[in-house]
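Results of the structural survey
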Amino acid sequence: MPIYAYRCAECGHAKDVLQKLSDAPLTTCPACHAEAFSKQITAAGFQLKGSGWYATDFKGGAASTSAPAVASSAADAAPAAAPAASAAACGTGCAGSSCH
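Positions within a chain are numbered from 1, following the residues in the order the chain's sequence is written. This being a predicted model, a pLDDT of at least 70 is required before a residue's local features are given, and a value of 80 or more before pairs of side-chain atoms are given or counted; all residues contribute to the totals for chains, interfaces and linings. The side-chain quantities take in all heavy atoms of the structure and omit both hydrogens and water.

Quick look at the overall build of the chain now. Helix and strand counts for the chain come out as three helices and three strands. A run of H or I in DSSP becomes a helix once it reaches four residues, and a run of E becomes a strand once it reaches two; helices and strands are each numbered from the N terminus. Ordering the α and β elements of the chain from the N terminus gives β-β-β-α-α-α. The buried share of the chain, taken over its 100 residues, is 11%. The contact criterion used is simple: two residues touch if any of their non-hydrogen atoms lie within 4.5 Å. Taking the intrachain contacts of the chain between residues at least 6 apart in sequence as the baseline, contacts between residues at least 24 apart amount to 24%. For accessible areas, the Shrake-Rupley method is used with a probe of radius 1.4 Å. Any residue's cover is judged against the shown protein chains and nothing else. Summed over all atoms, the accessible surface of the chain reaches about 7500 Å², with 60% contributed by carbon and sulfur. Under the scheme applied here, a residue whose accessible area is under 20% of the maximum for its type counts as buried, over 50% as exposed, and between as partly exposed, the area being computed with a 1.4 Å probe on protein chains only.

Okay, the environment of A14 next. Checked against the element boundaries, A14 lands in strand β2 (residues 14-18). Note: C-alpha distance between A14 and K39 (25 residues apart in sequence) is 9.8 Å. In contact with A14, not counting residues within four places along its chain, are Y6 and R7.

The strand order across the open sheet formed by three strands is β2-β1-β3, and the pairing between neighbours is antiparallel. Looking at strand neighbours, the two that pair on one side only are β2 and β3 (37-39), the edges of this open sheet. The average angle at which neighbouring strand axes cross in this sheet is 35°, direction not considered. Pairing analysis gives five bridges linking strand β1 (residues 3-8) to β2, with the strands arranged antiparallel. By the bridge assignment, I3 is partnered in β2 with L18. Only when DSSP finds a minimum of two bridges between them are two strands counted as paired. Think of each axis as a best-fit line through the C-alpha atoms, taken over the contacting stretch in the case of a helix, with angles from 0 to 180 degrees between the N-to-C directions.

The description of two aromatic rings rests on the distance between their centres and on the angle between their planes. Here the aromatic set is Phe, Tyr and Trp, taking the six-membered ring for Trp, and pairing holds for ring centres within 6.5 Å; pairs whose planes are under 30 degrees apart are stacked, those over 60 apart are edge-to-face, and all others are tilted. Tallied over the entire structure, the rule returns one aromatic pair. Above the face of the Y4 ring, K39 is positioned so that its terminal group lies 3.8 Å from the ring centre. When the NZ atom of lysine or the CZ atom of arginine is within 6 Å of a ring's centre and also within 35 degrees of its normal, the charge is said to sit over that ring.

Taken together, the side chains of M1, I3 and L18 present a nonpolar region at the surface, about 370 Å² in accessible area. Mapped onto the elements of the fold, I3 is located in strand β1. Under the relative-accessibility criterion, I3 is labelled exposed at 60%. Patches in this entry comprise residues that are over 30% relatively accessible and not in a salt bridge; like charges within 9 Å are linked, as are nonpolar side chains (Val, Leu, Ile, Met, Phe, Trp, Tyr) within 5 Å. Criterion for a salt bridge: a side-chain nitrogen of Lys or Arg within 4 Å of a carboxyl oxygen of Asp or Glu.

Written out as C-alpha cells, the structure reads:
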C-alpha cells in the first residue's frame, strides 16, 4: 500500500497516511476538522543504486551500450560451437540445434 502525504490548506497540518489505491482521498483535517485536507505531490522515496539490473539495463549511458555487446558475442559463439556435420547433413544452410 502506498503512503500519501496530506496537508491542510487552513491550518497547515501535514500527515503521511497509508492507504489502499482504491481508498477515497481524505478531505477532513484531523487537527482543525476543516474540509481543506488534500494530497500533496511528492517525489519517490527510494533510489536505485549498485550494479544490478537497473544499472545494466535501464540506467542509460555507457553501461547500456556494453550490454548488447555481451549478448551479441554470446550469439556469435553459439554457431561456432555447433558441429559442422549437422549443417552439411541438412543441406538448407541452417546450423545448430534449431535445424529441422
